[in-house]
Amino acid sequence: SSETFWTTTGMFPQEFIIGFPKCVKISKVAIQCYLVRTLRIERSISKDPVGFEQCIEKDLQHTEGQLQMEEFPLPDFQATYLRFIIKSAFDHFVAVHRVMAEGT
């Protein structure tokens, strides 16, 4: 829902995990967030959310008063779980408004 969002509790790093019903092929991940400075995305292909490996780490650009919108192309990428780690921020609290994964 565009009316809801996930917010941090004020200390960093913060993380959340998104799980799929089975291992899927992902071609792109996009995120809409606010005040995130450094974001890392990790994946697991295990049945359980363990054994994560780093895929992407990026410093995002500060967008005063607007959502940050980032897309990450992921060719030949499979995952059962995606872990998003917000390593640092431009303020004490950040928000994640939407995460989208495209693939099969």
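Residues numbered from 1 in each chain as written. Predicted model: local features only at pLDDT ≥ 70, side-chain atom pairs only at ≥ 80, totals over all residues. Heavy atoms only, no water.

**Let's talk about the overall build of the chain**
Turning to step 1, where the next piece is worked out: Check the secondary structure of the chain and you find zero helices and six strands.
Turning to step 2, where the next piece is worked out: Scaling as 2.2 N^0.38, a compact globule of 104 residues should have a C-alpha radius of gyration of about 13 Å, and the chain matches this with 13 Å.
Turning to step 3, where the next piece is worked out: For the chain, the spread of C-alpha atoms along the principal axes amounts to about 35 × 25 × 25 Å.
Turning to step 4, where the next piece is worked out: Taking all 104 residues of the chain together, the buried fraction comes to 38%.
Turning to step 5, where the next piece is worked out: Looking at the chain alone, contacts between residues at least 24 apart form 80% of all its contacts between residues at least 6 apart.
Turning to step 6, where the next piece is worked out: On the chain, the mean spot of the 11 positive side-chain charges and the mean spot of the 13 negative ones are 6 Å from each other. (Helix = DSSP H or I, 4+ residues; strand = E, 2+ residues; numbered from the N terminus. Rg over C-alpha atoms; globule rule 2.2 N^0.38 Å. Buried < 20%, exposed > 50% of the residue type's maximum accessible area, 1.4 Å probe, protein only. Contact = heavy atoms within 4.5 Å. Lys, Arg positive; Asp, Glu negative; His and termini not counted. Charge placed at Lys NZ, Arg CZ, Asp CG, Glu CD.)

**Points about the nonpolar core**
Turning to step 1, where the next piece is worked out: Counting residues in hydrophobic clusters, the biggest one holds 22 residues, and the most contacted among them are I26, L39, I41, L82 and F84.
Turning to step 2, where the next piece is worked out: Sorting the residues of this core by element identifies β2 (14-34), β3 (36-44) and β5 (68-89) as the ones contributing at least two each.
Turning to step 3, where the next piece is worked out: Of the residues forming this core, the biggest block, eight residues, is contributed by β5. (Core = buried A, V, L, I, M, F, W, Y, C linked by side-chain atoms within 4.5 Å.)

**A short note on the pairing of β5**
Turning to step 1, where the next piece is worked out: Sheet analysis places β2 next to β5, joined by 15 bridges and oriented antiparallel. Directly across from I18, in β5, lies its bridge partner L82.
Turning to step 2, where the next piece is worked out: Examined bridge by bridge, β3 and β5 share eight bridges and lie antiparallel to one another. For E42, the partnering residue across the bridge sits in β5 and is R83. (Pairing = 2+ DSSP bridges.)

**Some remarks on the environment of A79**
Turning to step 1, where the next piece is worked out: For A79, the position within the fold is in strand β5.
Turning to step 2, where the next piece is worked out: In this structure A79 comes out as buried when scored by relative accessible area, which is 0%.
Turning to step 3, where the next piece is worked out: Beyond its immediate chain neighbours, meaning those up to four positions away, A79 contacts F20, K22, C23, V24, I26, R43, S44 and I45.

**Regarding the sheet that holds strand β4 (residues 53-59)**
Turning to step 1, where the next piece is worked out: On the basis of which strands lie adjacent, the open sheet formed by six strands has the order β1-β6-β2-β5-β3-β4 and antiparallel pairing. Two strands lie at the open edges of the sheet, namely β1 (6-7) and β4, each paired on one side alone.
Turning to step 2, where the next piece is worked out: Note that β2 and strand β6 (residues 95-103) share eight bridges and pair antiparallel. Counterpart to Q32 in the pairing with β6 is R98.

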